[in-house]
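Architecture at a glance
One-letter residues, chain by chain:
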Amino acid sequence: MKLRAQLETELDQLAAMLPTWLQYLRHEAQFWPQFNALAKEILDQAADEDIQYVQRRLDVMLKAHARGLPGNGG
C-alpha cells in the first residue's frame, strides 16, 4: 500500500499528462483501455481507506478533461 501523498503524486502525474494525451488521441476507443489500466494501478496500491479518495480524484480528472474526448466537444 502506498501513502496518500504517493497516491496524490501519481494522480497529479496522470492528470498532467491528460491534456497532451487527449490532444493527440485519434479515437476514444484508444483512450479508455489505457486510462483504465493506469487508474487501476493507482487504485490497486491504495489502502482501503484511500480508495474512495482516489476514485473521486479520478472522477474529477475525467470530468475536467471529458470535453477533450472525441464526441464530447473536444
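Please refer to the structure higher up on the page.
No experiment lies behind these values; they were computed from the predicted model shown. (Residues numbered from 1 in each chain as written. Predicted model: local features only at pLDDT ≥ 70, side-chain atom pairs only at ≥ 80, totals over all residues. Heavy atoms only, no water.)

With respect to helix α1 (residues 4-23)
Basically, it comes down to this: The helix and strand labels rest on DSSP assignments: H or I over at least four residues marks a helix, E over at least two residues marks a strand, and numbering proceeds from the N terminus. To estimate how far a helix should extend, the number of its residues minus one is multiplied by 1.5 Å. A residue's bend is given by the angle between axes fitted to the 7 residues ending at it and the 7 residues starting at it. Buried, partly exposed and exposed residues are distinguished by accessible area as a fraction of the type maximum, computed with a 1.4 Å probe on protein chains only: under 20%, between the cut-offs, and over 50%, respectively. Pairs of residues are marked as contacts when any of their non-hydrogen atoms sit within 4.5 Å.
Between the first and last C-alpha of α1 there are 29 Å, a value that for 20 residues agrees with the 28 Å anticipated at 1.5 Å per step. Along α1, the sharpest kink reaches roughly 35°, centred on Met-17 and followed within four residues by the proline Pro-19. Among the residues of α1, those classed as buried are Leu-7, Leu-11, Leu-14, Leu-18, Trp-21 and Leu-22. Summarising the contacts, the buried residues of α1 are in contact with α2 (28-44) and α3 (51-65).

Digging into the pattern of salt bridges
To keep it simple, the criterion reads: One speaks of a salt bridge when a side-chain nitrogen belonging to Lys or Arg is within 4 Å of a carboxyl oxygen belonging to Asp or Glu.
Under the counting rule described, the total for this entry stands at 4 salt bridges. Its salt-bridge partner being Arg-57, residue Asp-12 comes within 2.6 Å of it at the nearest N-O pair. Of the two residues, Asp-12 is situated in helix α1 and Arg-57 in helix α3; the sequence distance between them amounts to 45 residues. Among the residues examined, Asp-12 registers a relative accessible area of 43% and is labelled partly exposed.

Considerations on α3
Here α3 spans 21 Å end to end across 15 residues, near enough to the 21 Å set by a 1.5 Å rise per residue. Within α3 the residues assigned to the buried category are Tyr-53, Val-54, Leu-58, Met-61 and Leu-62.

As for the nonpolar core
Short version of the rule: Throughout this description, the term nonpolar core refers to a set of buried Ala, Val, Leu, Ile, Met, Phe, Trp, Tyr and Cys residues connected via side-chain atoms within 4.5 Å.
Ranked by size, the top nonpolar core spans 17 residues in total, and within it Leu-11, Leu-14, Phe-31, Phe-35, Val-54, Leu-58 and Met-61 carry the most contacts. Put simply, the parts of the chain that give this core at least two residues each are α1, α2 and α3. It is α1 that provides the largest number of residues to this core, a total of 6 residues.

A short note on the packing of α1 against α3
Put simply, the rule reads: Axes, fitted as lines to C-alpha atoms, cover a helix only where it is in contact. Angles between the N-to-C directions of the axes lie from 0 to 180 degrees. Here is the rule for angles: anything less than 35 degrees is roughly parallel, anything more than 145 is roughly antiparallel, 65 through 115 is roughly perpendicular, and the remaining ranges are oblique. Note: crossing handedness is left-handed where the near helix turns anticlockwise from the far helix by less than a right angle, and right-handed where it turns clockwise. Under the scheme applied here, ten amino acids are nonpolar (Ala, Val, Leu, Ile, Met, Phe, Trp, Tyr, Cys and Pro), four are charged (Asp, Glu, Lys and Arg), and all others, including Gly, are polar.
Packing of α1 against α3 leaves a shortest axis separation of 11 Å and a crossing angle of 15°. Taken together, the axes of α1 and α3 lie roughly parallel to each other. When the axes of α1 and α3 are compared, the crossing they make is right-handed. Between α1 and α3, the residues in contact are Arg-4, Leu-7, Glu-8, Leu-11, Asp-12, Leu-14, Ala-15, Leu-18, Pro-19 and Leu-22 and Tyr-53, Val-54, Arg-57, Leu-58, Met-61 and His-65, respectively. Residue composition of the contact of α1 with α3, grouped by class: 11 nonpolar, 1 polar and 4 charged.

Quick word on the packing of aromatic side chains
What describes a pair of aromatic rings is the distance from one ring centre to the other and the angle between the planes of the rings. Filter applied, for reference: Centres within 6.5 Å are what make two rings of Phe, Tyr or Trp a pair, Trp counting through its six-membered ring; a difference in plane orientation under 30 degrees is then read as stacked, over 60 as edge-to-face, and the rest as tilted.
Tallied over the full model, the rule gives 4 aromatic pairs. Taken together, a centroid distance of 4.8 Å and an interplanar angle of 80° make the contact between Phe-31 and Trp-32 edge-to-face. The class of Phe-31 is buried, set by a relative accessible area of 1%. What makes Trp-32 partly exposed here is its relative accessible area of 28%. Between Trp-32 and Phe-35, the aromatic rings sit 6.3 Å apart at their centres with planes inclined by 85°, giving edge-to-face as the arrangement. Taken together, the residues span about one helical turn, with Trp-32 and Phe-35 both in helix α2 at a distance of 3 residues. On the accessibility criterion, Phe-35 (2% relative accessible area) is buried. Taken together, the aromatic side chains of Trp-21, Phe-31, Trp-32 and Phe-35 make up a single cluster linked through ring pairs.

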